[in-house]
Amino acid sequence: MTLQFSVLASGSSGNAIYVATESQRWLVDAGLSGKKMEQLFKSIDCNPKELNGILVSHEHSDHIKGVGIIARKYNIPIYANKKTWVAMEKDLGTIPGELKFHFEREEVKTFGDLDIESFGVSHDAAEPMFFNFHSNGKKLVLATDMGYVSDKIKGTIKDADVYIFESNHDLNLLRMGKYPWSVKRRIISDVGHVSNEDAAYALADVIGDKTSRIYLAHLSKDNNMKELARMSVEQILKEKETGVGHQFRLYDTDPDKATDLAVV
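Residues numbered from 1 in each chain as written. Predicted model: local features only at pLDDT ≥ 70, side-chain atom pairs only at ≥ 80, totals over all residues. Heavy atoms only, no water.

## Quick word on the overall build of the chain
Looking only at helices and strands, one finds 9 helices and 14 strands in the chain. Taken over the C-alpha trace, the chain has a radius of gyration of 17 Å; the compact-globule value for 264 residues is 18 Å, and the two agree within 12%. Within the chain, the proportion of its 264 residues that are buried is 58%. Considering only contacts within the chain whose residues lie at least 6 apart along the sequence, 63% involve residues at least 24 apart. Carbon and sulfur atoms form 48% of the exposed surface of the chain, whose accessible area is close to 11,300 Å². (Helix = DSSP H or I, 4+ residues; strand = E, 2+ residues; numbered from the N terminus. Rg over C-alpha atoms; globule rule 2.2 N^0.38 Å. Buried < 20%, exposed > 50% of the residue type's maximum accessible area, 1.4 Å probe, protein only. Contact = heavy atoms within 4.5 Å. Areas by Shrake-Rupley, 256 points an atom, 1.4 Å probe, with all protein chains shown as cover.)

What follows is the structure, encoded as structure tokens:
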């Protein structure tokens, strides 16, 4: 086995990603209740007590709701950067000192047969970051909650085997939707979320010869639909002649249902 993963949940109501190798079991974020997180683990036949650690991308509630509960119940270490710890600690409940670890932006940490590389993103949080996972020559990228995809990020995430990538909203649905203008302005800002079209153009710049799967993640329940996101991204990737449909496939994610446990 090289890399295994499941998008346990993805969307504005809660986010959690499971990544595993031969010797390692990691959770990125836990933005759902402890009970729901346990149900999601059970659905992919994995046990949270086997986790080596929880990585926290940023302090928003849809990413940390269940972090403290899972960590305390199963004695799991939590890794986050210093500014995120300051911003989220009051919402986690009491965390024993021996479970608190720092993982800063632009850092690589090695755990057994897994290298985890962090990179900063532009989002309205204290110091948000996401991750590349490397094992046995395979690369899995997790990149959501971005206002835009910078050239620096593109260089960091280029040529991965698998992308779990934000495709948050359709611009027309957002413009016509019920959100107040202040919220719409935040979503489309440089510290908001990436649209379907922006996701596609960014992906076209980073997809490589070994890319086999792209999971469209963090879809807005009010301003997007799975079919619309997939169609929008697929159309642009085809225009860019990236090989969608034969070199790699697009996959959906769900806010409360895990994707099948897959091997990179």
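We are not done yet, so read on.
## Regarding the environment of Asp 205
As for its position among the elements, Asp 205 is in helix α8 (residues 196-206). Along the chain, Asp 205 and Gly 155 lie 50 residues apart, while their C-alpha atoms are 9.3 Å from each other. Not counting residues within four places of it along the chain, the set of residues in contact with Asp 205 comprises Lys 154 and Lys 158. Within the structure, Asp 205 has its side chain in polar contact with the side chain of Lys 154 (distance 2.8 Å). (Polar contact = N/O pair within 3.5 Å; in protein donor to acceptor, adjacent residues only side chain to side chain.)

## A word on the packing of α8 against helix α9 (residues 226-239)
Geometrically, a packed helix pair is captured by the angle between its two axes and the distance between the axes. Contact geometry for α8 and α9: axes closest at 9 Å, N-to-C directions at 40 degrees. Taken together, α8 and α9 sit at an angle that is classed as oblique. Crossing of α8 against α9: the hand is right-handed. The segment α8 lies against α9, with Asn 196, Glu 197, Ala 200, Tyr 201, Leu 203 and Ala 204 engaging Leu 228, Ala 229, Ser 232, Val 233, Ile 236 and Leu 237. (Axes fitted to C-alpha atoms, helices over the stretch in contact; angles between N-to-C directions. Parallel < 35°, antiparallel > 145°, perpendicular 65-115°, else oblique. Left-handed = near helix turned anticlockwise from the far one by under 90°.)

## Points about the sheet that holds strand β1 (residues 4-9)
In space, the 7 strands of this open sheet follow the order β6-β5-β4-β3-β2-β1-β14, with mixed pairing throughout. Each edge of the open sheet carries a strand with a single partner, namely β6 (100-102) and β14 (262-263). With 4 bridges joining them, strand β2 (residues 16-20) and strand β3 (residues 25-28) adopt antiparallel strand pairing. For Val 19, the partnering residue across the bridge sits in β3 and is Trp 26. (Pairing = 2+ DSSP bridges.)

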